[in-house]
Amino acid sequence: AHSEALARSAASKQAAAAAAEKNAAAAAAAAEREGARRVAEAEERGRRAEARLAEERAARAAMDRGVGYALSNLASYASALRAATASTRAQQQQPQPQPQQQQQQQQQQQPQPQ
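First, a word on scope: everything that follows refers to the structure included in this document. On a predicted model such as this, the values are computed, not experimentally measured, just so you know.

1. Side note on the overall build of the protein chain
Next up, step 1: A count of helices and strands for the protein chain gives 2 helices and 0 strands.
Next up, step 2: Total accessible area on the protein chain stands at roughly 10,400 Å², and carbon and sulfur atoms take up 54% of it.

2. Topic: the pattern of salt bridges
Next up, step 1: Within this structure, the stated rule accounts for 6 salt bridges.
Next up, step 2: With a closest N to O distance of 3.0 Å, glutamate 34 and arginine 38 form a salt bridge. Separated by 4 residues within a single helix, glutamate 34 and arginine 38 lie in helix α1 (residues 2-93), roughly one turn from each other.
Next up, step 3: By relative accessible area, which is 29% here, glutamate 34 ends up partly exposed.
Next up, step 4: According to the relative accessible area criterion, arginine 38 is exposed, its value standing at 54%.
Next up, step 5: Between arginine 37 and glutamate 41 there is a salt bridge, with its nearest N and O atoms 2.4 Å apart. On the criterion of helical spacing, the pair formed by arginine 37 and glutamate 41 is a turn pair, its members being 4 residues apart in helix α1.
Next up, step 6: One connected set of salt bridges, linked through shared partners, spans Glu34, Arg37, Arg38 and Glu41.

3. A few points about a nonpolar patch on the surface
Next up, step 1: Side chains of Met63, Val67, Leu71, Leu74, Tyr77 and Leu81 sit close together on the surface and give an oily, nonpolar patch of about 640 Å² of accessible area.
Next up, step 2: Mapping leucine 71 onto the fold places it in helix α1.
Next up, step 3: Among the residues examined, leucine 71 registers a relative accessible area of 53% and is labelled exposed.

Quick notes on the rules
- Residues numbered from 1 in each chain as written.
- Predicted model: local features only at pLDDT ≥ 70, side-chain atom pairs only at ≥ 80, totals over all residues.
- Heavy atoms only, no water.
- Helix = DSSP H or I, 4+ residues; strand = E, 2+ residues; numbered from the N terminus.
- Areas by Shrake-Rupley, 256 points an atom, 1.4 Å probe, with all protein chains shown as cover.
- Salt bridge = Lys/Arg side-chain N within 4 Å of Asp/Glu carboxyl O.
- Buried < 20%, exposed > 50% of the residue type's maximum accessible area, 1.4 Å probe, protein only.
- Patch = residues over 30% accessible without salt bridge, like charges linked within 9 Å, V, L, I, M, F, W, Y side chains within 5 Å.

So, in structure tokens, the structure goes:
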């Protein structure tokens, strides 16, 4: 009877150890799956961040090109405006003929009737 009790106790301990080992293996597998899931999520966040950064860089480059075109156009407009202003000033600084001088010039240019 005593040996039967010892045998049952040993079998019970072995079953408990086997169950604990099985539970530990299941917990380890679950932890590994959870770790793999977290790694995959982190990698996905990294890919999304890289994509956003690439979009921002492309948008900034497009904006820089647009600003460059605008500045170039503005410089051309400013140059044309300076030239027009200089031309207008030059015309204003030339002495304008007086009405008497214009009449005299017209009379000189008209042929005299004979």
